[in-house]
Structure formats: structure tokens, C-alpha cells
Number of protein chains: 2
Amino acid sequence: MTSLASGSTGAEPPPARWEPDGADHPALRGLPAVWLRANCPCAACQDPGSGQRLVGITDVPADVTVAGVLASGTAVEVVFGPDGHRAVFGRGWLAGYGEPPGQGGAEPPGRDGAAPSGHDDDRTEDAKRLWAAADLGGEPPRGWWPRYLADPAHRRSCLSAVLTHGVVILHDVPSVPGAVLAVAKSLGYVRETNYGRLFEVRAEPAAANLAFTRLPIAPHTDNPYRDPVPTVQLLHCLHAAAAGGDSTFTDGFRAAAVLRGQDPAAFACLTTTPVTFAYSDAAAVLRATGPMIGLDPRGRIRQIRFNGRSLAPVRLPAAQARTFYAAYRAFAERAGDPEAMVTARLSRGDCVIVDNTRVLHGRTGFADGGGTASASAGRRHLQGCYADLDGLTSAVAVLARDGAGGAGS
Amino acid sequence: MTSLASGSTGAEPPPARWEPDGADHPALRGLPAVWLRANCPCAACQDPGSGQRLVGITDVPADVTVAGVLASGTAVEVVFGPDGHRAVFGRGWLAGYGEPPGQGGAEPPGRDGAAPSGHDDDRTEDAKRLWAAADLGGEPPRGWWPRYLADPAHRRSCLSAVLTHGVVILHDVPSVPGAVLAVAKSLGYVRETNYGRLFEVRAEPAAANLAFTRLPIAPHTDNPYRDPVPTVQLLHCLHAAAAGGDSTFTDGFRAAAVLRGQDPAAFACLTTTPVTFAYSDAAAVLRATGPMIGLDPRGRIRQIRFNGRSLAPVRLPAAQARTFYAAYRAFAERAGDPEAMVTARLSRGDCVIVDNTRVLHGRTGFADGGGTASASAGRRHLQGCYADLDGLTSAVAVLARDGAGGAGS
């Protein structure tokens, strides 16, 4: 469109060391001209401060070529045709994106402090450590709030557990109302909903909602009737039940992967059948639709939506409905498998942080524990709020960039 | 698992009018036994107050059958085998989900006041009215804030425009700092991010970021480096530029649909290639990955991610990278097509509400308008914030349930 840099116009002959028509130059690692030009790091193409790209794809000449290459020790200078634009790339940076000399993918280097994970999408199963109960020794990863506050390495370790395992429990968060909001702020931003910034989970003697009874609640993800679903849930215990009321956590990605291995047809049904979840009360009418097992475009497990309480009637022809319910049952059985599930009895001050796109949470009934289903057993009181994984992931990346070690916990 | 209701145990013979083995009863509309049982509306299966389902799929007997049917004028009573559980359905309700007597899908009735749209997923292209500039007479839908506040029908009309067209401009929002937050609260909840609850968009003479210059900004969606992406963006004009600085809006769903029609291979590339968007500053390191054109499991356009400024280098073999950049260019050309784009010069007090999963926004350069690129032309000042579509959709549904007419605007 326009010439975006001074420098060679193409009319001047390149110096002797230049290799004209250098698209095959080994330093370019097979990266095509359009890729190189679209990622030109010069100050006219990319803002040096923010790293934002200043020119769009339609500003790149449609017939862009590599007219010449000059490779030195660490830098590779490229002159583009037809407009003579010049770019200087780091040789190592190009190597990170281009084809390796042999086979096997190279790791792209982290930019701007982002820890390179080797995964192009850190939200899919490929970037997670899937677990059954035995893999975790039967209980979720744990951390300690006073140390979390004082020690960036411990904070990074706790938050990384949410990214890798989908759950962490922090002990000794002050058991005062609203403390859960401080935990949320430490890892990102509260997602306010029609339930407020904060909501109460309290057992009540005569309850209209299953959550406010002493009944067990099957493993589920929260709020699948919302889109975007809140991607992080926090629950903070102010008072534990006298007996029972244990929290359960299941790795929904692993349950889905197990289903894929054992019953591929059921897995395929749940990944391709959009279902609707619904919730309504006096102030809200919420509906959202998506598959129970959401995949990325490459077929990797990426988001679980699972909540029998809010699933709306499916609208499918009879044969497909039978297939769907059989698949749904097969997934529910794997999600509810005791060997898949870890249990933790939240004590006063414990705060659990869950990846709500992946880990299903539930609870055992209160009366099961000690057989004392008295009124005092109903004093279990949690406070909860929602947040999002982008903020949490950013918090971990900033800690990594700023040098917080990964040890601890 | 357990018998969930009193009533017939199956041991008692049904009355004469009962039709044993009634799964083929026409009143059941072909709905299979497992569907009927999973959606049993009795108080043991579904909480009468909240509508929440109280039993999960694993509580439904795997060998559930319809043992008998008793159809009256408006009610259809079903006895299930093997456990004798009973359900009473509304005949019309069943008709809404089951197979119609002839061909063609029946509309499911709205539940709990949710207006039935006929779409199982109101976030895909099927539920939208795609538009080019001419379809809108060259300008976005508009409303008037004082009337929006006073008249629920006008409020419903304005917010419905965001759902159907992806954009609305409200005039005469008080041009005081922070007023955009009041607009956000009227339709849902502010999504706080690392930019704050509120952010400033101000032209500055010497800017480090393209947004804070007088340069044009190509059509884009905001924050594709965030996941979940904020699904609603609000921008409120406190001071207009002396000349130029017009806002542009493009229906990204239509641009994608046009691409699908004209270049199916390019469309397929952009729907199946996850790309990464990145942003970082002193306090945040954000990366998110997804296809530029996101589809639902049935192949319908559902989410656009489009922002040349924050696209990270793609990591693909050379041939695929060439294909990708050609497809990206083809989409960018359609998104930037003047015939696709409506323009609005935001005046003091105007507030635009955009569906950030669909509509691309941009702006023209400031100096292009009146040729007076003086310092005073740099006084353009917007305030923005993010919110989410689930809250906005709920607000519309509540207005519909409460009887706010759809007229107005």
C-alpha cells in the first residue's frame, strides 16, 4: 500500500553479501515472505512500547516477496519486494517459529515475559495434567494464605495448580465475611453476576433450592446457563458443618478423556450436540447453549458444561435423544466415579479456587457424616464469588516474568 | 435407583383407560421414555420454586420404559417402568418438544418467561439479522437515553438491537465522567479487567498506543487476548473531535458469511486454525487462542476474534501459513469493505453498545475530516467499559416476561 520504512528501495544493488531471492535462505527457517512481513518488528510496523502491530494484513503487499537476505551472527535482515521494505529479525526468534533443521517442533520463545508453555492454547487438555484421585493422593493441591500473601513463589505455585490441576485449597484465609473477595482480587477480577459480587451458600432448615439443603449435590460446573460462563469459582468456608458436607472435586477433562477412550461414540455425541442450560428467578432469565464437552478446532477437550440441575429439555429426534441421554449417563458415571473424585472437608478459613471450565465440584450430604442431622448441623456457611481464568493466568505469567520461583507449596 | 414418588408401584393394574406399553401413544409425540423421565416435572424430580432438576441422569433407571399413558384434554400422565414413577405433563408442552404430527420443527414454548426464539442457541448467526450498510440505511440503530430510562418498551427495543444487529447508539447520556458505568449497569454487570472498570480513550499529541493517536483504526473486536473475551463493549463520548474520528461498525458475522460464500476454503481455514492474540504491559501478560471465526458444533458462525494489532505470530508450516495469511487477508478485505460498514460520528453524550463477539468497530482518522489537524482536534475523549451478553440477554428476557412491548425506538 505505502512504503512503510526508509531504507533500500530495491533500486540500489544489495551489497555483495546479500543473497537476492533469498526465500530459501536457511536462516529464514522456511518462513514464507508473507509471514515475515506480517511480523516485521520495525518501529513502523510494530509499536516498540506496546508491541502492538501498527499495520494490518491488508497493508502488506499481496505480492510480497523476499528480495534479499543478510544473515549475521544473531540478526537476519530481510529486504522485501516489491516495495523494498526492510526488517531485522533475531535469528533465535525466527528459529522459534520456523521449521527446525530436523523434525519435531521448536518451542516458540516467550515474548514480553510470557512463559512459553509449548502449547499454543493453554486452555486445552494438552496443557493440563489430568488426574484421578490416586494421582493426587486423594486430596486437592493445597496452599497457605499467609504464605501466599508473603511469598510470590508460593502464590505462583498455588495459582499454577489451578492451571495445571484445576483446583487448589488455601488454608487460613480469615474467616470473616467478604474475605473471598480479597482472594479473588489477588488473582484477577471478580465477575459480578445477578447473584451479586458475593453469594452465600448456607444450609437452611426449609430450603427451596438444593444448594441450601443438607442433601448431597452431584459433581457439576457452575452457571452453564451463562455465556460467557464464569471460568473461576471461589468458595470460602466461614463455618463448617458439624458432620459431613465434604466437598468433592472431579477432573472433568479426565472424565471426558476416559469417556473418549471407552466409548468414542458417546464422546462424539456430547461434543457435537449443543444443549441448553437455563435458570430464572424474579430478576433474571438466563439461557446458554453449548456442548457438554467443548472441543477446540483441533479436537482437544477445552470446556466442560455439566449441571443436571439446570439442563433444559433437549430438542432432538427420538433416536438422537436416546443416544444423547445414554452418552450423558456414560459421562455422568465417569464424573461420579469415586476413583475419579477427590474429597476435602472445608474447614473454617479454607478457600477453594476451581477452574470452572474443567473441574466439577459437588458435596456429600450433611447427615451422612456423623448421623447428627440436628439443626446445629445446618450451620455450614460458605461464601462464594466468580472470577476469570484470563486474570489468573496473567497473574501467574507476571509472577514468572518478575522472577517468582516455582517452588513452594 | 430409588423410587422417587409414591403412586402406582406397577403392581396395581391400571384403570381401564390406561394404555399399557404406551410409548407409541400419539400424545407423547415420539419422545422416548428416557427423555420423558429425565424431564419429569413432579416435585420430587424438579423443584417447583426454582425449576431446578433435583435428580440426575444417573438417578433415572437405565432400563426406564413407558408402562402406561393416560391422556386427558390438556394433561398426559405417564407411568414409568420398572419403578412405577409417575409424571404428569402438559400436552402442549410435550408437543413443543416432540415430533410434530407432520414434518417441520415445532417451536418449543418459552419456560419461566423466556421468550422462545425458535433458536436453540441465540448466539449463532441463525438468531441474528445480518446486515450490510445499505440494510441499515448507512447508520447503526439508535435510541434515546432519557426514554430508555423511562420506557421499558424503548429499553427493550434498544437492547434487542444489540442482540439482533450487534450495535445500538444511545443519545443524550449525560456527558459526565463515569456515566458509561450507569449504562452498563442498566443492561447487566461491568466486566472489570486490568484496564479497570472504566478506561479512557483519549487522543494524545505524542502517543505510545495507536488508540491514543489521530490515526485511523481498522475494524476489530476488542480484547481477543482475553478468554473469556468481554462480550459487550460500551463507548461513551464526552468530547467529540473537531473533525473526523468517525466510528465504524461492521457486521463480522456477515463478513464471515460472505467469505463462506465467496471463498469457502478461506472460511474453512479461519474456522479451523487456532491463532493466538497477546497483550502485555507492566501489570498484565495476556494470551488467548481461538479461531478468527468460531463456529458452534453445527457449523454456524458464533464468535469473531479479529484484531491485527494483537495477533501473535502464527506457528504453522510454511504452506499452511501462506494459506492462513491469504484467508486472513480475504476476511479483512470483507470486514473493511465500505459497503459492509456503517459510520457514526459520536457526539457528546452518545454511547455505543456493541456485541463484541460479532461486530467489529474502528474509527476513521481525525485529520481526514476537516483538514484541521490542530491541537484542539485532539480533544476527542471517550470513556469505555466492558460487560457481558448473558446479562444483556437476561435484561431483554425479563422485560419481555414483564410485558414490556417490543415497539418503540
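Source: prediction; values computed, not measured. (Residues numbered from 1 in each chain as written. Chains lettered and ligands numbered in written order. Predicted model: local features only at pLDDT ≥ 70, side-chain atom pairs only at ≥ 80, totals over all residues. Heavy atoms only, no water.)

A. Representation of the sheet that holds strand 10 (residues 247–251) of chain A within the structure. All names here are of chain A. Here four strands make up an open sheet; going across it, the order is 8-17-10-15 and the pairing antiparallel. Lying at the two open borders of the sheet, with one neighbouring strand each, are strand 8 (217–220) and strand 15 (341–344). The average undirected angle you get between the axes of adjacent strands in this sheet is 20°. Pairing geometry for strand 10 and strand 15, over four bridges, is antiparallel. Bridged to Thr 250 within strand 15 is Met 341. Against the sheet, helix 6 (residues 252–262) contacts strand 10 and strand 17 (359–363), and its axis sits at roughly 50° relative to strand 10. (Pairing = 2+ DSSP bridges. Helix = DSSP H or I, 4+ residues; strand = E, 2+ residues; numbered from the N terminus. Axes fitted to C-alpha atoms, helices over the stretch in contact; angles between N-to-C directions. Contact = heavy atoms within 4.5 Å.)

B. A look at the interface of chain B and chain A. With 85 residues of chain B at the interface, the matching set in chain A holds 86 residues. Taken over both partners, the interface formed by chain B and chain A buries close to 7200 Å², and the fraction arising from carbon and sulfur atoms is 53%. Broken down residue by residue, the surface that chain B buries against chain A is led by Val 285, Arg 315 and Arg 329 of chain B, which jointly contribute 10%. The shortest N-O distance in the salt bridge between Arg 226 of chain A and Asp 390 of chain B comes to 3.6 Å. On the surface where chain B and chain A come into contact, there are 30 residue pairs in polar contact (both at pLDDT 80 or more). Counting residues per element, the ones that place at least two in the side of chain B that touches chain A are helix 1 (33–38), helix 2 (91–97), helix 7 (264–272), strand 11 (274–280), strand 12 (285–291), helix 8 (318–335) and helix 10 (389–401) of chain B. A total of eight residues in the side of chain B that touches chain A trace back to one element, the largest contributor, which is helix 8 of chain B. For the side of chain B that touches chain A, the class distribution of residues is 40 nonpolar, 20 polar and 25 charged. (Buried area = accessible area lost by both parts, 1.4 Å probe. Salt bridge = Lys/Arg side-chain N within 4 Å of Asp/Glu carboxyl O. Polar contact = N/O pair within 3.5 Å; in protein donor to acceptor, adjacent residues only side chain to side chain. Nonpolar A, V, L, I, M, F, W, Y, C, P; charged D, E, K, R; others polar.)

C. Looking closely at the pairing of strand 3 (residues 75–81) of chain A. Residues and elements named next belong to chain A. For strand 3, the buried fraction is high: six of the seven residues fall into the buried class. Two strands pair when backbone bridges link them, and strand 2 (residues 65–71) and strand 3 are joined in this way by six bridges, in the antiparallel orientation. Looking at the pairing, Val 66 lines up with Phe 80 of strand 3. In this antiparallel pair of consecutive strands, strand 2 and strand 3, the connection spans three residues. Both strand 3 and strand 4 (residues 86–90) contribute to a ladder of five bridges, which runs antiparallel. By the bridge assignment, Val 79 is partnered in strand 4 with Arg 86. Taking the residues between adjacent antiparallel strands as the criterion, strand 3 and strand 4 are bridged by four residues, where Gly 84 takes a positive phi near 75°. (Buried < 20%, exposed > 50% of the residue type's maximum accessible area, 1.4 Å probe, protein only.)

D. View of the pattern of salt bridges. Residues and elements named next belong to chain A. Overall, the coordinates contain 36 salt bridges over all chains when judged by the stated rule. Taking the shortest distance from any N to any O, the salt bridge between Glu 139 and Arg 142 comes out at 3.3 Å. The exposure class of Glu 139 is partly exposed, given its relative accessible area of 38%. According to the relative accessible area criterion, Arg 142 is partly exposed, its value standing at 26%. Beyond isolated ion pairs, a larger network of salt bridges with shared partners links Asp 120, Asp 126, Asp 296, Arg 298 and Arg 300.

E. Focus on the sheet that holds strand 7 (residues 199–202) of chain B. Residues and elements named next belong to chain B. Reading across from one edge, 5-6-16-9-18-7 is the order of the six strands in this open sheet, with mixed pairing throughout. Each edge of the open sheet is held by one strand with a lone partner, namely strand 5 (142–144) and strand 7. Mean inter-strand twist for the sheet, computed between neighbouring axes without regard to direction, equals 25°. With three bridges joining them, strand 5 and strand 6 (residues 167–171) adopt parallel strand pairing. For Gly 143, the partnering residue across the bridge sits in strand 6 and is Leu 170.

F. A look at the relation of the copies chain B and chain A. Least-squares fitting of chain B to chain A yields an RMSD of 0.0 Å, with the superposition described by an axial translation of 0.0 Å and a rotation of 180°. Read as a symmetry element, the transformation amounts to a two-fold axis. Comparing contact sets, 100% of the residues at the interface of chain B also lie at the interface in chain A, consistent with an isologous, same-surface contact. (Least-squares fit on C-alpha atoms with pLDDT ≥ 70 in both.)

G. Examining the environment of Leu 234 of chain A more closely. Residue and element names in this part refer to chain A. Position of Leu 234 among the secondary structure elements: in strand 9 (residues 232–239). The buried category is assigned to Leu 234, whose relative accessible area is 0%. Taking C-alpha positions, Leu 234 is 9.9 Å from Val 168, a pair spaced 66 residues apart along the chain. Residues contacting Leu 234, with those up to four places away along its chain left out, are Val 180, Val 183, Ala 184, Leu 187, Cys 351, Val 352, Ile 353, Gln 383, Gly 384, Cys 385, Tyr 386 and Ala 387.

H. Highlighting the side chain of Thr 193 of chain A. Among the secondary structure elements, Thr 193 of chain A is positioned in the loop between helix 5 (179–187) and strand 7 (199–202). Polar side-chain contacts of Thr 193 of chain A include one of 3.0 Å to the backbone nitrogen of Tyr 195 of chain A. Contacts of Thr 193 of chain A, omitting those with residues within four sequence positions, involve Arg 226 and Tyr 386 of chain A together with Tyr 189 of chain B.

I. Structural view of the environment of Asp 135 of chain B. Residues and elements named next belong to chain B. Topologically, Asp 135 is positioned in the loop between helix 2 and strand 5. Separated by 207 residues in the primary sequence, Asp 135 and Val 342 place their C-alpha atoms 9.8 Å from one another. Of note is the side chain of Asp 135, whose polar atom sits 2.7 Å from the backbone nitrogen of Ala 132.

J. Main features of the packing of aromatic side chains. Taken as a whole and judged by the stated rule, the model has 28 aromatic pairs over all chains. When the centroid spacing of 5.2 Å and the interplanar angle of 85° are considered together, the rings of Phe 306 of chain A and Phe 331 of chain A count as edge-to-face. A residue pair is termed long-range when its members are at least 10 positions apart, and Phe 306 of chain A in the loop between strand 14 (301–304) and helix 8 (318–335) and Phe 331 of chain A in helix 8 qualify at 25 residues. Both rings, one in Tyr 195 of chain B and one in Tyr 279 of chain B, keep their centres 5.5 Å apart while their planes meet at 80°; by these two values the pair is edge-to-face. Within this pair, whereas Tyr 195 of chain B is found in the loop between helix 5 (179–187) and strand 7, its partner Tyr 279 of chain B is found in strand 11, the two being separated by 84 residues in sequence. Taking the ring centre of Phe 80 of chain A as reference, the NZ or CZ of Arg 37 of chain A above it sits at 5.3 Å. (Phe/Tyr/Trp six-rings, centres within 6.5 Å; stacked < 30°, edge-to-face > 60°. Lys NZ or Arg CZ within 6 Å of the ring centre and 35° of its normal.)

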